[in-house]
Every structure is written in C-alpha cells, then in structure tokens.
Amino acid sequence: MLNEQKLCQAINLFVEVLLEGTEFVHREINQDVFKHISREQADLLKILKVKGPTSPGSLAMYQNVHKSAISNRLKKLLDKGLVEWDDCPAKSDKRSKLINITTSGETILEELDSAIFNALKGLIDDIDEEHLNSIIEIFTILKSKFKGGDPAE
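Keep in mind the model is a prediction, meaning the values are calculated, not measured.

Overview of the overall build of the chain
Counting secondary structure elements, the chain contains six helices and two strands. Listing the helices and strands of the chain from first to last along the sequence gives α-α-α-α-β-β-α-α. Each of the 153 residues in the chain was classed as buried or not, and the buried ones make up 24%. Of the contacts formed within the chain by residues at least 6 apart in sequence, a portion of 50% connects residues at least 24 apart. On the chain, roughly 11,200 Å² of surface is accessible, and the fraction owed to carbon and sulfur atoms is 55%.

If you want it as structure tokens, here you go:
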C-alpha cells in the first residue's frame, strides 16, 4: 500500500510541474514561433498530433473551453491550411467530421517542439543520466496508466 501522504505530495508536485513548466515554456520560447498562430491554436495542433483526427467537441473538452472557442480556433487554423476536415471513419453518420492536422500544421509543430526543447534543455542540462532515465520511466508508467494499459507493456 502506498503511503498516502507521499502520494499526495507526488500528485501535487506533478500538477505544479505541469503548471510551472507551461508558464516557463511560454515565457522562454522564441516569440517568432507564435507570429502566425496563437498559443491556444498551437496547443490545439499539439492535441491533434497526439490524438489524431478528433471531433471539435473532444477538442473543446481537451482544452476545457466552450465549443464556440474551438470553432473560432479551428476556422483560423483551417484558413491557414494547418488543419483540415476528414470524414468520420464511422460510415453510418455522413454528417460526422473529424479535424486533422495537415503537413503544414506538423511543420509549425516541429518549430514549436524545437523551441520548447531549446528552452528546457538549458534548464535541465545538468540532470544526470540516471535521473533522466527515472523521469522517462515514471512518465512512461503514467502515460500507460492514463490510457488504461499495463505499464509493463
């Protein structure tokens, strides 16, 4: 049985790292990356890259905003050619459409990922390999558990 106090501490640290890390990255990365898209649009592209073709309703849930905010972001991304509509794989409902990232959208994400890497690299450059391996192992376990899988796989 896990020590609940330590588990609570670990959860709180995880949340703080997510929040502080996001703030750090947004503060430190080269602003040129955001000259064509907003941070919210960049986050939406990242969701699409990770999740694949997704409904606007799911995107609203992931970004914790109203569907109208997603519609506005999607329109801007569609106009820039960074996302596109795909037919829903379920052929039963022809009205259902999923949004997907385009090659141009993936190029923007590569620039963003590179800027994030460069911002974080200097911050954690002095972490030894053993600690880095521990971080990778912990994040791999968490990712698997979030997806409902077996972390041993």
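Quick look at the packing of aromatic side chains
Applying the stated criterion across every chain yields a total of one aromatic pair. Here the aromatic rings of Phe14 and Phe146 are separated by 6.4 Å at their centres, their planes lie at 50°, and the arrangement is tilted. Of the two residues, Phe14 is situated in helix α1 (residues 4–28) and Phe146 in helix α6 (residues 129–146); the sequence distance between them amounts to 132 residues.

Observations concerning a nonpolar patch on the surface
Judged by side-chain polarity, Leu123, Ile124, Ile127, Leu132, Ile135, Ile136, Ile138 and Phe139 come together as a nonpolar surface patch covering roughly 690 Å² of accessible area. Broken down by element, the residue count for the nonpolar patch peaks at five residues, all from α6. Of note, Phe139 is situated in helix α6. For Phe139, a relative accessible area of 46% puts it in the partly exposed group.

Regarding unusual backbone geometry
Backbone geometry places Asn64, a non-glycine residue, at a positive phi of 55°. In this fold, Asn64 is placed in the loop between α3 (56–63) and α4 (67–79).

Side note on the side chain of Thr54
Note on placement: Thr54 falls in the loop between α2 (39–51) and α3. Overall, the relative accessible area of 6% leaves Thr54 in the buried class. Polar contacts involving the side chain of Thr54 include one to the main-chain carbonyl oxygen of Gly52, which spans 2.5 Å. Residue contacts for Thr54: discarding those within four places in its chain leaves Leu48, Leu59, Tyr62, Leu98 and Ile99.

A few points about the pattern of salt bridges
Tallied over the entire structure, the rule returns five salt bridges. The salt bridge involving Arg27 is made with Glu23; its shortest N-O contact spans 3.5 Å. Residue Arg27 and its partner Glu23 are both found in helix α1; the two are separated by four residues, about one turn of the helix. Residue Glu23 is classed as partly exposed on the basis of its relative accessible area of 45%. Here Lys75 and Asp79 are joined by a salt bridge, their closest N and O atoms 3.1 Å apart. Taken together, the positions of Lys75 and Asp79, both in helix α4 and four residues apart, correspond to about one turn of that helix.

Conventions used here
- Residues numbered from 1 in each chain as written.
- Predicted model: local features only at pLDDT ≥ 70, side-chain atom pairs only at ≥ 80, totals over all residues.
- Heavy atoms only, no water.
- Helix = DSSP H or I, 4+ residues; strand = E, 2+ residues; numbered from the N terminus.
- Buried < 20%, exposed > 50% of the residue type's maximum accessible area, 1.4 Å probe, protein only.
- Contact = heavy atoms within 4.5 Å.
- Areas by Shrake-Rupley, 256 points an atom, 1.4 Å probe, with all protein chains shown as cover.
- Phe/Tyr/Trp six-rings, centres within 6.5 Å; stacked < 30°, edge-to-face > 60°.
- Patch = residues over 30% accessible without salt bridge, like charges linked within 9 Å, V, L, I, M, F, W, Y side chains within 5 Å.
- Salt bridge = Lys/Arg side-chain N within 4 Å of Asp/Glu carboxyl O.
- Polar contact = N/O pair within 3.5 Å; in protein donor to acceptor, adjacent residues only side chain to side chain.

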